[in-house]
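Reading the structure
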Amino acid sequence: MTEHDNWTALVRDGLRSEAYDAPAAPFDLSAVHGRATAIRRRRRIVTGFAAAAAVAVLVPAAVMLTPGGTQTMPPVAPSPTIVDPTIPTPEPTPEPGGSATWHSDLSDLPVGEAPQVPYARDSVVVFPDGAQVRPETRHEPYAVHYQAAADRYVVGTHDGAGGWYVEVIPGIGADRQVYDAEPGLVTNASQSTVAWLTPGGPVMALRIGEPEPVAFSNELPGADRRLVALEGEDCREVTVGHDCAAYVNVGDALWSSHLAGPTEPMSPATAIGAADMTMDGRIAVMRSRDDLEPGSCWAVLPRLWHDQEPIWESCDAGLEAFSPDGRHLRGVPAYRSGIGDGLVSILGAETGQVRVGLGRFDAEGEDWFIAGSVWEDSDHLLVLVATPLPDTWTEDKIEVDHRWQIIRLGLDGSVENAVEPVVGDELTPVFMLMGR
Amino acid sequence: MAQHEDDFTEYARARQPALLRTAYLLSGDPHTAEDLVQTTLAKLYLAWPKVEKRESVDGYVRRILVNEHVSLWRRPWRRNEVTSTSLPEPADDRQPDDGTRAVVWQFVRSLPPRQRAVVVLRYYEELTEAETAEVLGISVGTVKSQASRALATLRRQAPPDLAPTRPTHDLGEEER
């Protein structure tokens, strides 16, 4: 027996001894049933949280908008491959024919231009011109929107004790407004309006130029809800005829709620959840979800109507957000498992074909994972990546530092750091991306 | 349907104690462990008609459990949560404890989540390196290095009287 074996045995015996005395809880079948029912209700789109909680920047519509086309392409047949769930989730493979460009080694990238959209570093918002502002929030921020035209920040915060809020903070002045909210902030495609859910109540929308948010006229059912998309440019007042609708995942159903109109569920055959919507009404929807692989199947619909035929659908990738021009989509793993996403890609919004991506394919390579991504412009993604570094021992704890990178991934296949990589701990991202 | 229900109940009842122990080692908190196991079994229940005939239901359940744990500590507000310090009193009536257990447990609790999961799966669950990598969604190389570093650190930090007997050689930092 080697010394290594002796130490291994020591750890094993110590853990067994500790586990043996762990408090036992009686098996309660009814509790398991109850939790299963709650999960059924709560199952929301896999990427829903990421999309809804993602920080976003509101910029003048003219800067960002180029509505995408609506021509349809032949639908791509779904490929519901069933594999043994005990086998590790295979990372999506590059497109057949090798037309997609994938990057795996992110360790030694050049540093390019600074991000062309604001981002946050240690809660300080850094603007493209180098200006830095720290929005003074009452609670801890998890998402930040900046309404440039109104020079105000709309910040999603939490108090760490179950309380969630939206804080509206003027760039100049101190009249902070704090609203009770459910987790998640979303913007419409033009980013002119930010919306959130009130606890147990209706959607609230705050449009650039409006001093106060407006509440939708009808409440939504259920306690397990997630606002995922906002449509329309006229979310100002509750008047019939105004073009403003919100889409909310409620359990295993997608609901639409109109500012002054009806609130109703979509047919499950059409969608059970959604991720994002374009200016022209195309919408990325989840069609099915399973805890077993492939995890989720997604489609792009030309409009959100009952029994709408999809432009394309696939079980190969989850969908998160359309590019500003509506021509591309950000793709993520269809089944999100393990320590963190090992893949992000740019897909053609009309075909579902992968154009370019970051993928952790090398089993012996670095175990980087993706902590978030946003569109910088219609041709580039900014991707927040964390890579574990060799651990160090501090006074009473082993620290595994991570290299945090904001990586710019271009449609042209280019990849680079958008800022100098920074070392930080694994649970507190140094950077916070802002955008959709 | 009734047969499915009976089969699930039988399986869950038999596996729950072991799952609780693993969840406790992963989370370090009995209440979190109980919650993790309940969610794990609920997800298993939902998937039961599809998985019950598979050879390795245990592997599937373990993966759900670890993923639930991972998703907990990756939540951005997780850092605000306070882990319970009311650990169970060691009422070991099986064998005298020479202090090893306390040192090992304190050490494991000090590990960051990823390394801790590797240690629990490798040395408590006794999974192979490949199986551990599968469950955690990381490479075999990382499992090796994380486990090795954990042992090396414990060796450096442990009191001299805890050192295992009969050391034959020093394998160094990158031992396998």
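Residues numbered from 1 in each chain as written. Chains lettered and ligands numbered in written order. Predicted model: local features only at pLDDT ≥ 70, side-chain atom pairs only at ≥ 80, totals over all residues. Heavy atoms only, no water.

1. A look at the overall build of chain B
When you go through chain B residue by residue, the secondary structure sums to seven helices and zero strands. Tracing chain B from N to C terminus, the helices and strands come up as α-α-α-α-α-α-α. Taking all 176 residues of chain B together, 56% fall into the buried category. Long-range contacts, defined here as pairs at least 24 residues apart, represent 63% of the contacts in chain B between residues at least 6 apart. For chain B, the exposed surface amounts to about 8,000 Å²; the carbon and sulfur share of it is 49%. (Helix = DSSP H or I, 4+ residues; strand = E, 2+ residues; numbered from the N terminus. Buried < 20%, exposed > 50% of the residue type's maximum accessible area, 1.4 Å probe, protein only. Contact = heavy atoms within 4.5 Å. Areas by Shrake-Rupley, 256 points an atom, 1.4 Å probe, with all protein chains shown as cover.)

2. Description of unusual backbone geometry
Residue and element names in this part refer to chain A. Despite not being glycine, S123 has its phi angle at roughly 70 degrees, a positive value. Take S123: it is sitting in the loop between strand 2 (119-121) and strand 3 (124-126). Non-glycine residue Q191 carries a positive phi angle of around 65 degrees. Using a relative accessible area of 4% as the deciding quantity, one classes Q191 as buried.

3. What to know about the nonpolar core
Grouped together as the largest cluster of nonpolar side chains are 61 residues, with contacts concentrated most on V11 and L15 of chain A together with F8, L25, L41, L44 and V119 of chain B. By residue number, the principal contributor to this core is helix 2 (residues 30-51) of chain B, which donates eleven residues. Composition of this core by domain shows at least three residues from each of domain 1 (1-76) and domain 2 (98-164 + 172-176) of chain B. For L25 of chain B, the contacting residues outside a window of four places in its chain are L15, E18 and A19 of chain A together with W105, R116, V120 and Y124 of chain B. (Core = buried A, V, L, I, M, F, W, Y, C linked by side-chain atoms within 4.5 Å. Domains from an automatic or database assignment.)

4. Here's the deal with helix 7 (residues 140-157) of chain B
Between the first and last C-alpha of helix 7 of chain B there are 26 Å, a value that for 18 residues agrees with the 26 Å anticipated at 1.5 Å per step. In terms of burial, helix 7 of chain B is a largely internal element, 13 of the 18 residues being buried. (Expected span 1.5 Å × (residues − 1).)

5. Section: the side chain of E125 of chain B
All names here are of chain B. Examined against the element boundaries, E125 turns out to sit in the loop between helix 5 (113-124) and helix 6 (129-136). A distance of 2.4 Å separates polar atoms of two side chains, one belonging to E125 and the other to T22. Sequence-distant contacts of E125, defined by excluding residues within four places in its chain, comprise T22, R62 and V120. (Polar contact = N/O pair within 3.5 Å; in protein donor to acceptor, adjacent residues only side chain to side chain.)

6. Re the confidence of the model for chain B
Residues and elements named next belong to chain B. Summary statistics for chain B give a mean pLDDT of 74 and a share of 73% for residues scoring 70 or more. Scored below 50 in pLDDT, residues 75-96 shows 37 contacts in the model against residues more than four places distant or in partner chains. Per-residue pLDDT stays below 50 along residues 166-176; that stretch engages in 26 contacts with residues further than four places along the chain or on separate chains. (pLDDT = per-residue confidence, 0-100.)

7. Topic: the pattern of salt bridges
Residue and element names in this part refer to chain A. With the rule as written, the count across this model stands at 17 salt bridges over all chains. R225 is the partner of E182 in a salt bridge, and the nearest nitrogen-oxygen pair spans 2.9 Å. Here the residue E182 occupies a position in the loop between strand 8 (177-180) and strand 9 (186-187), and R225 occupies one in strand 13 (residues 225-231), the gap between them amounting to 43 residues. Residue classification places R225 among the buried residues on the basis of a relative accessible area of 3%. Between E313 and R287 there is a salt bridge whose closest N-O contact spans 3.4 Å. Here E313 is found in strand 20 (residues 312-314), whereas its partner R287 is found in strand 18 (residues 283-289), with 26 residues between them in sequence. Members of the salt-bridge network, linked through shared partners, are D280, R282 and E350. (Salt bridge = Lys/Arg side-chain N within 4 Å of Asp/Glu carboxyl O.)

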